[in-house]
Amino acid sequence: TVQPDLDRSPAEHTKADPLTSSTCKMDASEAAEPMVCLSDCSLPTEFGDRCELRIFGAKPKVDEAISSTSSARVPEWVACAWGNVRDGERVHVRVHDACLTSEILGSLKCDCAHQLRLAQAHLAREGGVLIYTPQEGRGIGLAQKVAAYALQERHGLDTVDANVALGLPAEARDYRPVRAILE
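A. How the structure looks around the overall build of the chain. When helices and strands are tallied, the chain shows six helices and five strands. Scanning the chain from its N terminus toward the C terminus, one meets helices and strands in the order α-β-β-β-β-α-α-β-α-α-α. Within the chain, the proportion of its 183 residues that are buried is 37%. Taking contacts inside the chain between residues at least 6 apart in sequence as the whole, the part at least 24 apart equals 65%. Here the chain displays about 10,400 Å² of accessible surface, and carbon together with sulfur accounts for 53% of that area.

The structure is reproduced here in structure tokens:
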């Protein structure tokens, strides 16, 4: 998994105060819509401890607040914090991209589900934050990822070459929202 470059040194990352505010905003220059905390709760987990769960996304417009059918919504990002992360000292952080094929369907084409479970167990044990991004298939989306899988099967291409063969970028993920979530 590619880790985001947030233009901060490792020392600065440990001083961050993750999830201290119920809203997290980005400048318009960083995203089309400001990211805000849409909802949160304390969630029991199979890892023996509760996590503080927060869902981040674009602030709904007044006419969209009642309807959940808006197709123009920015995908939601998830942050789960285990233990005391508010002091910002040496906080463990895992940024994990959605992988429906592995995490839900049990595909063996990658080890994303295994990586996710290891990260969750570690964060529950040591304390830390999991940021789960809605960036399926290196940011190309589920349908394109499945099309790339087909090319991999038929022509022996690797992930990057299959994406490029489909006319897609080799890497389409955007980690700028991570900064807003951690701030």
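Past the structure itself, the notes keep going.
B. Summary view of the layout of surface pockets. Taken as a whole, the largest pocket spans an internal volume of roughly 440 Å³. Considering the residues around the largest pocket, the lining is formed by 23 residues, among which Cys110, Cys112, Gly137, Arg138 and Thr159 are closest to the centre. Elements represented by at least two residues in the lining of the largest pocket include exactly strand S4 (92–97), helix H3 (112–126), helix H4 (142–155) and helix H5 (159–165). In terms of residue count, H4 provides more of the lining of the largest pocket than any other element does, four residues in total.

C. Examining the state of the cysteines more closely. Summed over the entire model, instances satisfying the criterion amount to zero disulfides. This cysteine, Cys41, is not joined by any disulfide, and Cys51 carries the nearest cysteine sulfur, 7.2 Å off.

D. The arrangement of the pairing of strand S3 (residues 77–82) in detail. Across the six residues that make up S3, a large majority, five, are buried. When strand S2 (residues 50–58) meets S3, the two strands line up antiparallel, connected through five bridges. Each bridged residue has a counterpart across the sheet, and for Glu52 the counterpart in S3 is Ala81. One ladder, built from five bridges, connects S3 with strand S5 (residues 128–133); its direction is antiparallel.

The rules we used
- Residues numbered from 1 in each chain as written.
- Predicted model: local features only at pLDDT ≥ 70, side-chain atom pairs only at ≥ 80, totals over all residues.
- Heavy atoms only, no water.
- Helix = DSSP H or I, 4+ residues; strand = E, 2+ residues; numbered from the N terminus.
- Buried < 20%, exposed > 50% of the residue type's maximum accessible area, 1.4 Å probe, protein only.
- Contact = heavy atoms within 4.5 Å.
- Areas by Shrake-Rupley, 256 points an atom, 1.4 Å probe, with all protein chains shown as cover.
- 1 Å grid on protein atoms, 1.4 Å probe; cavity = no way out; pocket = protein on both sides within 12 Å on 5 of 7 lines; lining within 4 Å.
- Points joined across faces, edges and corners; volume = space filled by probe spheres on them.
- Disulfide = S-S within 2.5 Å.
- Pairing = 2+ DSSP bridges.

Keep in mind these values describe shape, not function.
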